[in-house]
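Structural overview
Below are the chains, spelled out letter by letter.
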Amino acid sequence: MKLLRRALAALARHKLSIFLVVIWSYFLEWHPGYPNPNEVVRLYLTRAIVDDGTFAIDGPMRRFGDVEDKSQHKGRFFNDKAIGLSFLAVPVYLALKVFDKEPSMPALR
């Protein structure tokens, strides 16, 4: 019971942060029929870091299809966006994999 009260108090202190995350999640543009390349390339980088141990997105591109937003260097493909969100998603993706809830990716082909 004491732990529950602490958790609720922490939530009350961080109301604005939680509100902003909920609002951001609501407006996230993810359309299964036409996935936004801005978000796909960031998710590809997260998957490449966790699944392949590299910053090159070649592996996710082979598994899930090509993406428009990418850069190429010496025959390898990389994310051409800011990498902060991809890094923030790494622990979330790892937690999902631990609980065997691997998120699916839309087919881009």
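Computed from a predicted structure; not experimentally measured.

Things to note about the overall build of the chain
Assigned secondary structure in the chain consists of five helices and two strands. Secondary structure elements in the chain, listed N-terminal to C-terminal, are α-α-α-α-β-β-α. Looking at the chain as a whole, 25% of its 109 residues qualify as buried. Long-range pairs, those at least 24 residues apart, make up 51% of the contacts in the chain with a sequence separation of at least 6. Summed over all atoms, the accessible surface of the chain reaches about 8,000 Å², with 65% contributed by carbon and sulfur.

A closer look at a nonpolar patch on the surface
On the surface, Met 1, Leu 4, Leu 8, Leu 11, Ile 18 and Val 22 cluster together into a nonpolar patch covering about 600 Å² of accessible area. Elements supplying a minimum of two residues to the nonpolar patch: helix 1 (2-13) and helix 2 (15-26). Examining the composition of the nonpolar patch, we find that three residues originate from one element, helix 1, more than from any other. Mapping Val 22 onto the fold places it in helix 2.

Quick word on the nonpolar core
Listed in full, the eight residues of the largest apolar core are Val 40, Val 41, Tyr 44, Leu 45, Ile 57, Met 61, Phe 64 and Val 67. Mapped by element, the contributors of at least two residues to this core are helix 3 (37-52) and helix 4 (58-64). Of the residues forming this core, the biggest block, four residues, is contributed by helix 3. The residues touching Val 41, leaving out its near neighbours within four places in the chain, are Ile 57, Val 67, Asp 69, Asn 79, Asp 80 and Lys 81.

Remarks on unusual backbone geometry
With a phi angle near 55 degrees, Lys 74 is a residue other than glycine that sits in the positive phi range. With respect to the helices and strands, the residue Lys 74 is situated in the loop between strand 1 (71-73) and strand 2 (76-78).

Notes on the side chain of Ser 86
Considering the arrangement of structural elements, one finds Ser 86 in helix 5 (residues 84-98). Judged by relative accessible area, which is 1%, Ser 86 ranks as buried. Excluding anything up to four places from it in sequence, Ser 86 contacts Arg 42, Leu 45, Thr 46 and Asn 79.

Considerations on the confidence of the model for the chain
Confidence along the chain averages 82 in pLDDT terms, with 83% of residues attaining 70 or more. Mean pLDDT across the secondary structure elements of the chain bottoms out at helix 2, with 75, and peaks at strand 2, with 95.

Considering the packing of helix 3 against helix 5
In the contact formed by helix 3 and helix 5, the axes pass within 9 Å of each other and the chain directions differ by 55 degrees. With respect to helix 5, the element helix 3 is oriented oblique. Here the hand of the crossing between helix 3 and helix 5 comes out right-handed. Each of Arg 42, Leu 45, Thr 46, Arg 47, Ile 49, Val 50 and Asp 51 in helix 3 lies in contact with helix 5, whose residues at this interface are Leu 85, Ser 86, Phe 87, Ala 89, Val 90, Tyr 93, Leu 94 and Lys 97.

Thresholds, definitions, all that
Residues numbered from 1 in each chain as written. Predicted model: local features only at pLDDT ≥ 70, side-chain atom pairs only at ≥ 80, totals over all residues. Heavy atoms only, no water. Helix = DSSP H or I, 4+ residues; strand = E, 2+ residues; numbered from the N terminus. Buried < 20%, exposed > 50% of the residue type's maximum accessible area, 1.4 Å probe, protein only. Contact = heavy atoms within 4.5 Å. Areas by Shrake-Rupley, 256 points an atom, 1.4 Å probe, with all protein chains shown as cover. Patch = residues over 30% accessible without salt bridge, like charges linked within 9 Å, V, L, I, M, F, W, Y side chains within 5 Å. Salt bridge = Lys/Arg side-chain N within 4 Å of Asp/Glu carboxyl O. Core = buried A, V, L, I, M, F, W, Y, C linked by side-chain atoms within 4.5 Å. pLDDT = per-residue confidence, 0-100. Axes fitted to C-alpha atoms, helices over the stretch in contact; angles between N-to-C directions. Parallel < 35°, antiparallel > 145°, perpendicular 65-115°, else oblique. Left-handed = near helix turned anticlockwise from the far one by under 90°.

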